[in-house]
Amino acid sequence: MIIKKSSIIILVQMLLICNLLKGQETIMADYSAVYVEKLVAVAKENNPNGKVFEHQVNIAKNMLNGEKTSWVSSFTFSYLARSNSSSVDIVNPQLLTGYQFGVSLNPGTLFKIPFNIKTAKEQVKISYLTKEAYDLQLESDVKSRYLLYLQSLSGLRLQNKIVLDAESIFKDMKIKYERSEITFLDYNNASMSLSTAYLTRIQAETSLIAAKVTLEALLAKKLEEIK
């Protein structure tokens, strides 16, 4: 009689688990494309690495502007003031008096300017492309980590239901064991199942916290602050 009751109890447990799995939640219930895009926008605005790339773009622009005005350095301007004194300097005679101005040109420096400007323009393009590549990678990482967060959240909800089910079964098995309606082995199996459910829930909670932390590392902001 006890064997038959044990078989029935095991069958009931299996049916409960099957019903629980059939009714489990999906991440699509929590997924929002609009919210994901908001997370991406927040990450692009707040992530320190993004600001680094923005500064690199500004540096490249400044270098280009500097090269465009560098042609001035090819010319050297000088002036000399000679006195109008009537005395004659035999060592260094002065044929002209007053202020004298002179301009000298460095052809080597002047000819390099177009190439330097072209290189600076290419550097600006590279800085923009680097920033765009970073933004695309950041967007991909935010979406991936958000999906992982939703997956962990859904997994924890499911595990909470499994714990409730395991607690209910254990209470029922305990009453039956106290009435000598089942064996100690059946009672012990229910107890071990409950302990396993508790442990698995702790692991699910840890996974959810870890997923949330890694996502917030990209956002540079708490997830609760983003509505």
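What counts as what
- Residues numbered from 1 in each chain as written.
- Predicted model: local features only at pLDDT ≥ 70, side-chain atom pairs only at ≥ 80, totals over all residues.
- Heavy atoms only, no water.
- Helix = DSSP H or I, 4+ residues; strand = E, 2+ residues; numbered from the N terminus.
- Buried < 20%, exposed > 50% of the residue type's maximum accessible area, 1.4 Å probe, protein only.
- Contact = heavy atoms within 4.5 Å.
- Areas by Shrake-Rupley, 256 points an atom, 1.4 Å probe, with all protein chains shown as cover.
- Phe/Tyr/Trp six-rings, centres within 6.5 Å; stacked < 30°, edge-to-face > 60°.
- Expected span 1.5 Å × (residues − 1).
- Salt bridge = Lys/Arg side-chain N within 4 Å of Asp/Glu carboxyl O.
- Core = buried A, V, L, I, M, F, W, Y, C linked by side-chain atoms within 4.5 Å.

**Student:** Looking at this structure, how should I read the overall build of the protein?
**Tutor:** The helix and strand inventory of the protein stands at five helices and two strands. Going from N to C terminus, the protein has its helices and strands arranged as α-α-α-β-β-α-α. For the protein, the residues scored as buried account for 26% of the 227 residues in total. Taking all contacts inside the protein whose residues are at least 6 apart in sequence as the whole, residues at least 24 apart take part in 80%. For the protein, the accessible surface area stands at approximately 15700 Å², while carbon and sulfur atoms represent 62% of it.

**Student:** What is the right way to read the side chain of Asn47 from this model?
**Tutor:** Relative to the elements of secondary structure, Asn47 occurs in the loop between helix H2 (33-46) and helix H3 (48-68). Dropping the residues within four chain positions of it, Asn47 is found in contact with Val42, Tyr134, Leu138, Ala217, Leu218 and Ala220.

**Student:** How should the packing of aromatic side chains be read in this particular structure?
**Tutor:** Aromatic ring pairs: the centre-centre distance and the angle between the two ring planes describe each pair. For the structure on display, the rule yields seven aromatic pairs. Between Tyr177 and Tyr187, the ring centres sit 4.8 Å apart and the planes meet at 15°, which makes this aromatic pair stacked. Separated by ten residues along the polypeptide, Tyr177 in helix H4 (residues 107-178) and Tyr187 in helix H5 (residues 184-219) bring together distant segments of the chain. Under the relative-accessibility criterion, Tyr187 is labelled buried at 19%. Between Phe184 and Tyr187 the ring centres are 6.3 Å apart and the planes differ by 45°, which places this aromatic pair in the tilted class. A residue pair is termed a helical-turn pair when its members lie 3 or 4 positions apart in one helix, as Phe184 and Tyr187 do in helix H5 at three residues. Grouping aromatic residues by their ring pairs yields a cluster made of Phe170, Tyr177, Phe184 and Tyr187.

**Student:** Sorry, what's going on with H5 here?
**Tutor:** Within an α-helix, residues lying three or four positions from one another point in the same direction, as the helix has 3.6 residues per turn. Over its 36 residues, H5 extends 53 Å from the first C-alpha to the last, a length consistent with the 52 Å expected when each residue adds 1.5 Å. Just downstream of H5 lies Ala220, where phi reads positive at about 55°.

**Student:** Sorry, what's going on with unusual backbone geometry here?
**Tutor:** One non-glycine residue, Ser180, lies in the positive phi region at around 65°. Note that Ser180 resides in the loop between H4 and H5. Exposure remark for Ser180: the relative accessible area of 54% places this residue in the exposed category. One non-glycine residue with positive phi stands out, namely Ala220, at about 55°. Mapping Ala220 onto the fold places it in the segment after H5.

**Student:** Whenever I open this one, the pattern of salt bridges confuses me. Can you help?
**Tutor:** Side chains that differ in sign of charge can pair as their charged atoms come close. Here the structure, examined in full by the defined rule, presents eight salt bridges. For Glu216, the salt bridge is made with Lys212, and the minimal N-O distance between the two is 2.5 Å. Of the two residues, Glu216 and Lys212 are both situated in helix H5; the distance of four residues between them amounts to about one turn of the helix. Under the relative-accessibility criterion, Lys212 is labelled buried at 19%. Ionic pairing is found between Glu224 and Lys212, a salt bridge with its closest N-O pair at 3.1 Å. Linking Glu224 in the segment after H5 with Lys212 in helix H5, this pair joins segments that are twelve residues apart in sequence.

**Student:** I keep staring at the side chain of Ser152 and nothing clicks. Help me out?
**Tutor:** Along the chain, Ser152 turns up in helix H4. You can call Ser152 buried: its relative accessible area is 12%. With residues near it in sequence (within four places) discarded, Ser152 still touches Ser207, Leu208 and Ala211.

**Student:** Please clarify how the nonpolar core should be interpreted in this entry.
**Tutor:** Nonpolar side chains tend to gather and get buried jointly when the protein is soluble and globular. Residues Leu39, Val142, Tyr146, Tyr149, Leu215, Leu219 and Leu223 are the most contacted members of the largest nonpolar core, which totals 23 residues. Contributing elements (two or more residues each) for this core: H2, H4 and H5. Among the elements that make up this core, the one with the highest residue count is H4 (eight residues). What Tyr146 contacts, discounting residues up to four positions off in sequence, is Asp30, Tyr31, Tyr35, Val36, Leu39 and Leu215. In this structure, Ala166, Ile169, Phe170 and Ile182 belong to the second largest nonpolar core, which totals ten residues.

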